[in-house]
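What the coordinates show
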Amino acid sequence: MAVLVMLLQLLEIFKWNRSMVAWLYLFCAISLEVAGTVSLKFSDGFRDWRFTSLSLGLYAISFWVLSITLRQLPVSTAYAVWAGLGTAAIAIIGILFFREPVTLLKVVFLLMIISGVVGLNALGKH
């Protein structure tokens with residue numbers, strides 16, 4: 001946890017523009033949310049306290065880091081990217097690691113989510 005905070009603070013030292021740093025924060029928030037969701041899978045319906053605690057902690061940190069991005073990015077764009085890429089990442093992880101079935105429709109809809117995120121970013125000049 002402390003390493004993540006130090007890494008995020010280090011990024012600001014490099015004097016990158018604020019928008020670039022905000023996007024890096026957003027991708028950190030997405031990664032934390034995805035890790036929290038994978039931990040939730042292992043929590044066995046909140047019966048395993050270790051994975052339950054890990055899930056809740058990762059979600060809390062993810063929201064905190066997401067809130068930092070909202071200082072620079074519009075909430076509509078940041079939340080859409082956070083939710084869309086997080087959803088797509090979890091679907092891909094489910095297919096690759098949890099042997100969830102792959103259907104043509106699932107692939108089409110995943111591509112639609114990713115296209116929507118790209119489209120929002122292309123339209124939203126920050």
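In what follows, the structure referred to is the one given above.
So, a few notes on the structure that sits alongside this text. Small disclaimer: the values here were computed from a predicted structure and weren't measured.

Criteria and thresholds
Residues numbered from 1 in each chain as written. Predicted model: local features only at pLDDT ≥ 70, side-chain atom pairs only at ≥ 80, totals over all residues. Heavy atoms only, no water. Helix = DSSP H or I, 4+ residues; strand = E, 2+ residues; numbered from the N terminus. Buried < 20%, exposed > 50% of the residue type's maximum accessible area, 1.4 Å probe, protein only. Contact = heavy atoms within 4.5 Å. Areas by Shrake-Rupley, 256 points an atom, 1.4 Å probe, with all protein chains shown as cover. Salt bridge = Lys/Arg side-chain N within 4 Å of Asp/Glu carboxyl O. Axes fitted to C-alpha atoms, helices over the stretch in contact; angles between N-to-C directions. Parallel < 35°, antiparallel > 145°, perpendicular 65-115°, else oblique. Left-handed = near helix turned anticlockwise from the far one by under 90°. Nonpolar A, V, L, I, M, F, W, Y, C, P; charged D, E, K, R; others polar. Phe/Tyr/Trp six-rings, centres within 6.5 Å; stacked < 30°, edge-to-face > 60°. Lys NZ or Arg CZ within 6 Å of the ring centre and 35° of its normal.

Turning to the overall build of the protein, a few remarks are in order. From N to C terminus, the protein includes five helices and zero strands. The order of helices and strands in the protein, counted from the N terminus, is α-α-α-α-α. Per-residue burial over the protein gives 33% buried out of 126 residues. Counted over contacts in the protein with a minimum sequence separation of 6, partners at least 24 positions apart contribute 64%. Carbon and sulfur atoms provide 72% of the accessible area of the protein, an area that totals close to 8200 Å².

Moving on to the pattern of salt bridges. Scanning the entire structure with this criterion turns up two salt bridges. We note a salt bridge from D44 to R47, for which the minimum N-O separation is 3.7 Å. With relative accessibility at 44%, the residue D44 sits in the partly exposed group. Ionic pairing is found between R50 and D48, a salt bridge with its closest N-O pair at 3.0 Å.

This part covers unusual backbone geometry. One non-glycine residue with positive phi stands out, namely F46, at about 65°. If you trace the backbone, F46 turns up in the loop between α2 (18-42) and α3 (49-69). A relative accessible area of 49% means that F46 is categorised as partly exposed. The phi torsion at R99 lies on the positive side, around 55°, for a residue other than glycine. For R99, the position within the fold is in the loop between α4 (75-97) and α5 (104-123). Overall, the relative accessible area of 76% leaves R99 in the exposed class.

The next thing to look at is the environment of G36. Within the fold, G36 resides in helix α2. Taking the C-alpha atoms as reference, G36 lies 7.7 Å from G57; in sequence the two are 21 residues apart. The contact partners of G36, leaving out residues within four places of it in the chain, are S55, L58 and Y59.

Here we come to the packing of α2 against α4. One can describe the packing of α2 onto α4 by two numbers: an axis separation of 9 Å at closest approach and a directional angle of 40°. With respect to α4, the element α2 is oriented oblique. α4 is crossed by α2, and the crossing has right-handed handedness. On α4, the residues that touch W23, L26, F27, A29, I30, E33, V34, T37 and V38 of α2 are T77, A78, V81, W82, L85, G86, A89, I90 and I93. Classifying every residue of the contact of α2 with α4 by side-chain character gives 14 nonpolar, three polar and one charged.

This paragraph deals with the packing of aromatic side chains. Taken as a whole and assessed by the stated rule, the structure comprises five aromatic pairs. Taken together, a centroid distance of 5.5 Å and an interplanar angle of 40° make the contact between F42 and F51 tilted. Residue classification places F42 among the partly exposed positions, given a relative accessible area of 42%. Ring pairs connect the aromatic residues F42, F51 and F98, which therefore count as one cluster. Lying over the aromatic face of F98, K41 brings its terminal NZ or CZ to 5.3 Å of the ring centre.

Just distances and angles here, no functional claims.
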